[in-house]
Amino acid sequence: MKEEFEEGVSIFTTCWEAPIERIALENPEMNDLARARMPDDLPAAHIVQPYWFGHPEFKATGWYLRNLRELRPTEMLEKPERDTAEWRQWNRVHRMSPGPERARLRSRSFPGMMAAAAIQWGG
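Rules used throughout
- Numbers given to residues run from 1 along each chain, matching the order in which its sequence is written.
- A pLDDT threshold of at least 70 governs which residues receive local features in this predicted model, and a stricter bar of 80 or more applies before side-chain atom pairs are shown or counted, although totals over entire chains, interfaces and linings include all residues.
- Computation of side-chain values covers all heavy atoms of the structure but excludes hydrogens and water.
- Helical segments are the DSSP runs of H or I of at least four residues, strand segments are the runs of E of at least two, and each set is numbered from the N terminus.
- Residue contacts follow a heavy-atom distance rule, with two residues in contact if any of their heavy atoms lie within 4.5 Å.
- In this description, accessible areas are obtained by the Shrake-Rupley approach with a 1.4 Å probe, and a residue is regarded as covered only by the protein chains that are shown.
- Counting rule for charge: Lys and Arg are taken as positive, Asp and Glu as negative, and neither His nor the chain ends is counted.
- Lys charges are placed at NZ, Arg charges at CZ, Asp charges at CG and Glu charges at CD.
- Classification of residues uses two cut-offs on accessible area relative to the type maximum, computed with a 1.4 Å probe and protein chains only: under 20% is buried, over 50% is exposed, and between them is partly exposed.
- Two strands form a pair only when DSSP identifies at least two bridges running between them.
- Each nonpolar core is a collection of buried residues, namely Ala, Val, Leu, Ile, Met, Phe, Trp, Tyr and Cys, held together in the definition by side-chain atoms within 4.5 Å.
- Take the number of residues in a helix, subtract one, and multiply by 1.5 Å to get its expected span.
- It is the directions from the helix axis to the C-beta atoms that the arc portrays.
- Between 30 and 60 degrees the pair is tilted, below 30 it is stacked and above 60 it is edge-to-face, where a pair is any two Phe, Tyr or Trp rings, Trp via its six-membered ring, whose centres lie within 6.5 Å.

Would you explain the overall build of the protein in this entry?
When its secondary structure is counted, the protein shows 6 helices and 3 strands. For the C-alpha atoms alone, the extent of the protein along its principal axes is close to 45 × 40 × 20 Å. Considering only contacts in the protein between residues 6 or more positions apart, those separated by 24 or more positions represent 58%. Approximately 8400 Å² of the protein is accessible, and the part contributed by carbon and sulfur atoms is 51%. Distance between charge centres in the protein, computed from 17 positive and 19 negative side chains, equals 4 Å.

Dropping the structure here:
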């Protein structure tokens, strides 16, 4: 697990420090251990939610941006009332049972969010 952590820090840092004018790195908010290893110029994550882009789900997604504007919602859905069946369904990512597919399913990207990124950042 320590090797995977070190590899993740190395990949993220290498991407952030690349000599590229505009950068968008998607990553969850970091824990204290990871944050302490990041470059000094790394800004706070811009946190978005899939429901901002038409997907009925909660899954905080962090974007670390250089020379790009924060993503703006494109198809904002109204959040369901807390503790309802619909609210629990929107939390399915966090409520997933352990299993071989869990990591893949939890790390998937949402098409509406990616389309917004392409339009808003790609011009």
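There is more to say, and it comes next.
What's the story with the pairing of strand 3 (residues 61-66) in this structure? I'm lost.
A large share of strand 3 lies buried, amounting to 6 of its 6 residues. The alternating pattern of strand 3 places T61, W63 and L65 on one face and G62, Y64 and R66 on the opposite face, and all of these are buried. Bridge analysis of strand 1 (residues 23-26) against strand 3 gives 4 bridges, and the strand direction is antiparallel. Across the sheet, I23 pairs through a bridge with R66, a residue of strand 3.

Hey, could you run me through unusual backbone geometry in this one?
The bulk of non-glycine residues show a negative phi, and the bulk of peptide bonds are trans. Phi at N67 takes a positive value of approximately 60 degrees, unusual for a residue other than glycine. Its place among the elements puts N67 in the loop between strand 3 and helix 3 (85-90). Exposure remark for N67: the relative accessible area of 53% places this residue in the exposed category. The phi dihedral of D83 falls on the positive side, at around 70 degrees, and the residue is not glycine. By secondary structure assignment, the location of D83 is in the loop between strand 3 and helix 3. Take D83: its relative accessible area is 52%, and that puts it in the exposed class.

What exactly am I supposed to notice about the nonpolar core here?
It is characteristic of soluble globular proteins that their nonpolar side chains tend to be buried jointly. Among the nonpolar cores identified, the biggest contains 16 residues, and V48, F53, W63, L71, M113 and W121 are the most heavily contacted of them. For this core, the secondary-structure elements that each account for two or more residues are strand 3, helix 3 and helix 6 (111-122). With 4 residues, helix 6 is the largest single contributor of residues to this core.

When you look at helix 1 (residues 2-16) in this model, what are you seeing that I'm missing?
Residues separated by three or four positions in an α-helix point in the same direction, a consequence of the helix having 3.6 residues per turn. With 15 residues, helix 1 ought to run about 21 Å at 1.5 Å a step, and its terminal C-alpha atoms sit 21 Å apart, in line with that. Taken as a whole, helix 1 has its buried residues at V9, F12, T13 and W16. Along helix 1, the residues classed as buried sweep out an arc of 95 degrees about the axis, all on the same side. Counted as exposed and oriented over 90 degrees from the buried face of helix 1: E3, E4 and T14. The secondary structure elements touched by the buried residues of helix 1 are strand 1 and strand 3.

Even after reading the chapter, I still don't get the packing of aromatic side chains, so can you show me in this structure?
For any pair of aromatic rings, geometry is given as the distance between the ring centres together with the angle between the planes. In this structure the tally under the stated criterion is 6 aromatic pairs. Plain terms: the ring middles of Y51 and W90 are 5.7 Å apart, the flat faces sit at 35 degrees to each other, and that makes the pair tilted. Linking Y51 in the loop between strand 2 (46-48) and strand 3 with W90 in helix 3, this pair joins segments that are 39 residues apart in sequence. Summarising the aromatic geometry, the rings of W52 and F53 are spaced 6.3 Å apart at their centres and angled 45 degrees between planes, so their arrangement reads as tilted. The pair formed by W52 and F53 is uniform in burial state, with each residue classed as buried. Connected via pairs of aromatic rings, a cluster forms that spans Y51, F58 and W90.

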